[in-house]
Amino acid sequence: MSNPDLQDPIQGKIVHVYDGILEADNELPRWWLGLYFASIVFAAAYWFAYEAWGLAAYPSAEYRDAMAAAA
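Here we summarise the structure given alongside this text. Quantities reported herein were computed from a predicted structural model and do not represent experimental measurements.

Before going further, it helps to spend a moment on the packing of aromatic side chains. The final tally for this structure, using the stated rule, is seven aromatic pairs. With a centroid separation of 4.4 Å and 35° between ring planes, the pair formed by tyrosine 46 and tyrosine 50 is classed as tilted. Taken together, the residues span about one helical turn, with tyrosine 46 and tyrosine 50 both in helix 1 (residues 30–52) at a distance of four residues. Measuring from centroid to centroid gives 4.9 Å for tryptophan 47 and phenylalanine 48, while their planes differ by 75°, and the two rings are edge-to-face. Classification of tryptophan 47 by relative accessible area gives partly exposed; the value is 46%.

What follows is the structure, given as C-alpha cells:
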C-alpha cells in the first residue's frame, strides 16, 4: 500500500497512500500545541475554582444576587 521512497515536494515523506490519497506524517505547529495544552490547564483550573474548592461564584448566582440587590 505504501512506498517507503515516495516523496512530495510540499509535504515531504509520504507515509501512506490509500485510494490515491497521499498521507504525510507532519508535526503539528508549536503554537497549536501551546494552545491545546493551555486549554487543558485552563480547564483544570476552572474546574478546581468552581467545582472542587468553591473559590468563585457561579455566574447565575452572581446574576441572581445582582437582581435581588437591584429590586
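Still to come is the rest of the account.
Here three strands make up an open sheet; going across it, the order is 1-2-3 and the pairing antiparallel. Strands with a single pairing partner mark the edges of an open sheet, and in this sheet they are strand 1 (7–8) and strand 3 (21–24). Where strand 2 (residues 12–18) meets strand 3, four bridges bridge the pair, whose relative direction is antiparallel. Paired with tyrosine 18 across the strands is isoleucine 21, a residue of strand 3.

Each value, and the rule that gives it
- Residues numbered from 1 in each chain as written.
- Predicted model: local features only at pLDDT ≥ 70, side-chain atom pairs only at ≥ 80, totals over all residues.
- Heavy atoms only, no water.
- Phe/Tyr/Trp six-rings, centres within 6.5 Å; stacked < 30°, edge-to-face > 60°.
- Helix = DSSP H or I, 4+ residues; strand = E, 2+ residues; numbered from the N terminus.
- Buried < 20%, exposed > 50% of the residue type's maximum accessible area, 1.4 Å probe, protein only.
- Pairing = 2+ DSSP bridges.

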